[in-house]
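# Coordinates in review
What follows is each chain in one-letter form.
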Amino acid sequence: MKQENQITAAEVPTLEIEIQGHKVTLCFTEKADPELAVRVKQALIGTYLQMEK
């Protein structure tokens, strides 16, 4: 039986910042995923632009 290594929330490196009065928590993984990073960036920018309208 194969066991998978599971990382608990306490073990995930995080960074908490405040942007325009909103608390934002960034969670990082061991391995970078550039495609996912671009998708997250696009979603954040899109949400920000919608709020500005």
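Residues numbered from 1 in each chain as written. Predicted model: local features only at pLDDT ≥ 70, side-chain atom pairs only at ≥ 80, totals over all residues. Heavy atoms only, no water.

## Description of the pairing of strand β1 (residues 14–19)
This is how it is decided: Two strands make a pair as long as DSSP finds a minimum of two bridges between them. Going along the chain from the N terminus, every DSSP run of H or I of four or more residues is numbered as a helix, and every run of E of two or more is numbered as a strand.
Taken together, the six bridges between β1 and strand β2 (residues 22–27) define a ladder with antiparallel strand orientation. By the bridge assignment, Ile17 is partnered in β2 with Val24. Linking β1 to β2, which pair antiparallel, is a turn of two residues; within it Gln20 sits at a positive phi near 45 degrees.

## Overview of a nonpolar patch on the surface
Selection rule: Nonpolar side chains (Val, Leu, Ile, Met, Phe, Trp, Tyr) are joined into patches within 5 Å and like charges within 9 Å, using only residues with over 30% relative accessible area and no salt bridge. Using a 1.4 Å probe, the Shrake-Rupley method yields the accessible areas, and only the shown protein chains count as cover for residues. For salt bridges, the criterion is a side-chain nitrogen of Lys or Arg within 4 Å of an Asp or Glu carboxyl oxygen. Accessible area is worked out with a 1.4 Å probe on protein chains only. A residue is then buried under 20% of its type maximum, exposed over 50%, and partly exposed in between.
A cluster of nonpolar side chains, namely Leu15, Ile17, Ile19, Leu26 and Phe28, defines an oily patch on the protein surface of about 400 Å² accessible area. Examining the composition of the nonpolar patch, we find that three residues originate from one element, β1, more than from any other. In this fold, Ile17 is placed in strand β1. Owing to a relative accessible area of 33%, Ile17 belongs among the partly exposed residues under this scheme.

## With respect to unusual backbone geometry
Although it is not a glycine, Gln20 sits at a positive phi angle of roughly 45 degrees. Mapping Gln20 onto the fold places it in the loop between β1 and β2.

## A closer look at the pattern of salt bridges
Per the counting criterion, the structure on display carries one salt bridge. Lys23 is the partner of Glu16 in a salt bridge, and the nearest nitrogen-oxygen pair spans 3.6 Å. Neither Glu16 nor Lys23 differs from the other in exposure class; each is exposed.

Worth remembering: the numbers are spatial, not functional.
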